[in-house]
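Structure assessment
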Amino acid sequence: MKKLIFLDVDGTLVDYHNRIPASAATAIRQARENGHLVFVCTGRSKAEMQEAIWEIGIDGMIGGNGSYIEHRGQVIMHQLIAKEEAIAVVDWLHDRGLEFYLESNNGLFASEHFREKGRAVLQTYMLGKGMTAEQVENLEAEDIIHGLVFNEELYRDDLNKISFILSSYQDYLDAKEAFPHLAANTWGGRGETALFGDLGLKGNNKARAIEVLLEHLGRSPKDTIALGDAKIDIPMLDYCAVGVSMGNGGSEIRAMADMVTDDVEQDGLYHAFERLGLI
């Protein structure tokens, strides 16, 4: 039986320089030539997907950590934050002096001073991903986050998620308390070392979105393979029949995975596809 393959993007398909290893593109093309279906399953919204990913040839995407599902151009599901809730979050972030960007399939709409405030934070983020001080020195926010849009309307009804710069871990805790109807998370570091908070719809995750897609396609979880590198990918790897951690993955995902492949920058995706007999 042909497989359905679900790929996280950052740290799995795309390396920490925001590049797609040539071997990864080759693996995806060969797997699809062999009849397998390949989907990206990512926290990114569609606007953050660089064109090079689509040019490889993929069968669709799960975006916004499960809020959006697309199969060969057909939207299967899209759940959005209600406009009144989104306005309340924007006002709350402004009141606290926190810079943010609003994640939509139409763009990543940045707050007034996000470029200035985000520069150093995102450079720190990339240092943690393995880039050198020299490599990050001249990077701007838009070099790191694909799809950022400035000077646009911030009261919106098309949002999948909202990410904001943490001035302290307390900002995340307060956001969680202020918006109990939304799911609050952090990224860019563990626990109190996190750099960003985010808010999205409760109940959405990568595993649930895969389940919805399989129901639409009439396929079984026994035909699925998932590859990821982060804690947020664990439910996806747990749900799928085979879960693969990248070698650059965190300790938790490596410990629970059925297989650990090589680092994203050491042809890890290609080697995983080889070992699984997909190519």
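Keep in mind that this is a model prediction, so the values were computed, not measured. (Residues numbered from 1 in each chain as written. Predicted model: local features only at pLDDT ≥ 70, side-chain atom pairs only at ≥ 80, totals over all residues. Heavy atoms only, no water.)

Topic: helix α1 (residues 22-33)
We count it as follows: To qualify as a helix, a DSSP run of H or I must reach at least 4 residues; to qualify as a strand, a run of E must reach at least 2; elements of each kind are numbered from the N terminus. Under the convention used throughout, the expected extent of a helix is 1.5 Å for every residue step, that is, one less than its residue count. Using a 1.4 Å probe on the protein chains alone, a residue whose accessible area is under 20% of its type maximum counts as buried, one over 50% counts as exposed, and one in between counts as partly exposed. Note on definitions: a residue-residue contact is assigned when non-hydrogen atoms from the two residues lie within 4.5 Å.
Between its first and last C-alpha atoms α1 spans 17 Å; for 12 residues at 1.5 Å apiece the expected length is 16 Å, and the two agree. Those residues of α1 lying buried are S23, A24, A25, A27, I28 and A31. Check the buried side of α1 and you find it contacts β1 (4-7), β2 (37-41), α2 (51-56) and α11 (268-275).

Let's talk about the packing of aromatic side chains
Note on aromatic pairs: each is described by the distance of the centres and the angle between the planes. This is how the line gets drawn: For Phe, Tyr and Trp, rings pair up if their centres lie within 6.5 Å, where Trp contributes its six-membered ring, and each pair is then called stacked (planes under 30 degrees apart), edge-to-face (over 60) or tilted (otherwise).
Applying the stated criterion across every chain yields a total of 6 aromatic pairs. A ring pair is formed by F6 and F39, whose centres lie 5.4 Å apart and whose planes are at 15°; its orientation type is stacked. Note that F6 is positioned in strand β1 and F39 in strand β2, a separation of 33 residues in sequence. Accessibility classification places F6 together with F39 in one group, the buried group. Where W187 meets F196, the ring centres are 4.2 Å apart and the plane angle is 5°; that geometry is what we call stacked. With respect to burial, W187 and F196 carry one shared label: buried. Clustering of aromatic rings is evident, with ring pairs tying together Y125, W187 and F196.

Observations concerning the pairing of β1
To be explicit about the condition: Each pair of strands is called paired provided DSSP finds at least two bridges between the two strands. Here, the term right-handed applies to a crossover whose path from the first strand over the helix to the second runs clockwise when the strands point away from the viewer.
Burial of the side chains of β1 extends over both faces: L4 and F6 are buried on one face and I5 and L7 on the other. The pairing of β1 with β2 spans 4 bridges and is parallel. Each bridged residue has a counterpart across the sheet, and for L7 the counterpart in β2 is V40. This β-α-β element, β1 to α1 to β2, shows right-handed connectivity.

Details of the packing of α1 against α11
For clarity, the cut-off: Orientation is described by axes fitted as lines to C-alpha atoms, over the contacting stretch for helices, and by angles from 0 to 180 degrees between their N-to-C directions. In these notes the angle categories are as follows: under 35 degrees is roughly parallel, over 145 is roughly antiparallel, 65 to 115 is roughly perpendicular, and the rest is oblique. By definition, turning the near helix anticlockwise from the far helix through less than a right angle yields a left-handed crossing, and turning it clockwise yields a right-handed one.
Taken N-terminus to C-terminus, the directions of α1 and α11 make an angle of 30°; their axes are 7 Å apart at the nearest point. Between α1 and α11, the angle is such that the two are roughly parallel. Viewed along their axes, α1 and α11 form a crossing whose handedness is left-handed. Contacts between α1 and α11 involve S23, A24, T26, A27, I28, Q30 and A31 from the former and L269, Y270 and F273 from the latter.

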